[in-house]
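Per-entry structural report
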Amino acid sequence: MNKELEPNVDTNVVFPKTAVLELTYKCNHKCLFCSCPWDADVPDQNKYRKGDELDLEQWKKVLKILADLGVESVSISGGEALLCPFLLDLLHYIRTETSFNKDSEIVLISNGLAMTDDYLDAFKKYNIHLSMSLPGIETFAQHTGADNVQGVLHWFSEAHKKGIHTTVNVTVTKLNYDELFQTIALGLLSGADSVLLNRFLPGGRGLSHVDELLLSKEQLAGMLDIAEQVLEHADRKGMVGTEFPRCVVDNIDKYKRLHVGTICSAAKEFFVVDPSGFVRVCNHSPRKVGHVFDPQIVSDTEYWNIFAKRAYIPASCVNCKEVSYCDCGCREVAAIVKGDVCATDPCIDNK
Ligand SMILES: C[S@@+](CC[C@H](N)C(=O)[O-])C[C@H]1O[C@@H](n2cnc3c(N)ncnc32)[C@H](O)[C@@H]1O
Ligand code: SF4
Ligand code: SF4
Ligand code: SF4
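How each quantity is defined
Every chain is numbered independently, its residues counted from 1 as its sequence is written. The naming scheme follows written order: chains are lettered A onward, ligands numbered 1 onward. It should be noted that, the model being predicted, local features are given only for residues of pLDDT at least 70 and side-chain atom pairs only at 80 or more, the latter also being counted only at that level, while totals for whole chains, interfaces and linings use all residues. Excluding hydrogens and water, the side-chain figures rest on all heavy atoms present in the structure. In this text, helices come from DSSP runs of H or I with a minimum length of four residues, and strands from runs of E with a minimum of two, each type numbered from the N-terminal end. Whenever a nitrogen or oxygen atom comes within 3.5 Å of another N or O atom, the pair is scored as a polar contact, on the condition that within protein one atom can donate a hydrogen and the other can accept it, and that pairs from neighbouring residues in sequence are kept only if both atoms are in side chains. Whether a residue is near a molecule or strand depends on its heavy atoms: if one lies within 4 Å, it is near. Note that Gly is not counted as nonpolar here; it falls among the polar residues with everything else outside the nonpolar set of Ala, Val, Leu, Ile, Met, Phe, Trp, Tyr, Cys and Pro and the charged set of Asp, Glu, Lys and Arg. Put plainly, a pocket is an open set of points on a 1 Å grid over the protein atoms alone with protein on both sides within 12 Å along at least five of seven lines, a cavity is a set where a 1.4 Å probe fits but cannot get out, and a lining residue has an atom within 4 Å of a point. Grid points are joined across faces, edges and corners, and a volume is the space filled by probe spheres set on the points.

Next up on the list: the environment of Glu22. On the secondary structure map, Glu22 appears in strand β1 (residues 18-22). In this structure the C-alpha to C-alpha distance between Glu22 and Asp274, which are 252 residues apart in sequence, comes to 4.9 Å. Only 2.8 Å separates the side chain of Glu22 from the side chain of Arg280, close enough to count as a polar contact.

Let us look at the site of ligand 2. The immediate surroundings of ligand 2 are formed by Cys27, His29, Cys31, Phe33, Cys34, Cys36, Gly79, Asn111 and Arg205. The residue makeup of the shell around ligand 2, split by class, is five nonpolar, three polar and one charged.

This part covers unusual backbone geometry. Only a minority of non-glycine residues have a phi that is not negative, and only a minority of peptide bonds are not trans. Residue Gly79 is reached from Gly78 by a cis peptide bond, and omega for that bond is 20°. Within the fold, Gly79 resides in the loop between β2 (73-77) and α2 (87-97). Even without a glycine there, the phi angle at Arg310 is positive, about 55°.

Summary: where empty space remains is shown by rolling a probe the size of a single water molecule over the atoms. For the second largest pocket, the calculated volume is near 410 Å³. It is helix α10 (residues 331-338) that contributes the most residues to the lining of the second largest pocket, three residues altogether. Here the lining of the second largest pocket is composed, by residue class, of ten nonpolar, six polar and six charged.

Spelled out as structure tokens, the structure:
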């Protein structure tokens, strides 16, 4: 029987208001740090199996299901979303036939390599917020396998001219740490409106490059100080998306312009639908918890609820006075690296 024709009945699961749609597995970069689970070089039994990518009509059905679940906003990612052949048709559909992001921009994350003026014109028309990756300047090609730093800066500038809001999105690694100030500054000077920093989290292809890329504790604190400094010069705001353990940095509340997340939002604020409809709690997660066309969308309710109900606090944190607003960093990374979602974030053990 066609799974798409069955009703979707879910009990025991509360769906977040935001869904991240990963439109394609494909990508035209080969980032050393990429956390996409399907690109991990892991033993066969642990491989993240790609399914057939959904087509436009199937994504429309997904959107209908998400609306029925009470989802109110979507954001777009991948893989590389600009390689999805029906990206603009899907955006048109969202804006004209659904009430997602009714009064807000739709965030689209891209590496910028396949950007065109036509894409930007459409993004203006559909009120898209473009979050474009810039993992370094001198180290951009080393990180991504593509020599396109000038291209990304160019598209920030063009987006700015067209009145499209943008974020310069930097995955911070040991390799680009020394040029972090310049990287953020060039992104902002080229026209980006805000800054998103992601500390490198081991996962996906990045698992093969942990020693090269993982920041030391000193660098974790330094990355926040550097970002705050640039933001102050530029009179802008920024945020860190990959959550920090509060005690890894001395006085994490001191930053005025940089918001540093310390609570995991997976399965609480957002969840992910992968290119073939599988559901995960976070884009960093290699664990499928269900499929959007199944009658019970989340079948692995145990894993889902560990995230939804914050049932993942490490034993060493349980009695900490900060624990109501700290999840000890990234819970998925604990699961990936240590095989235990309740283990401490590996950045705590790193020197
Ligand atoms: C998986 S990418 C997909 C979108 C697009 N291809 C891009 O790179 O911008 C989504 C975001 O995750 C970030 N990211 C990827 N791997 C990461 C990692 N290991 N740790 C932290 N952030 C990561 C990327 O920089 C990007 O901002
Ligand atoms: S981080 Fe984005 S651009 Fe880089 S390989 Fe992964 S999906 Fe592609
Ligand atoms: S909850 Fe854990 S990680 Fe967070 S501040 Fe306390 S001891 Fe540190
Ligand atoms: S699993 Fe949670 S802490 Fe880790 S990146 Fe996702 S939302 Fe952040």
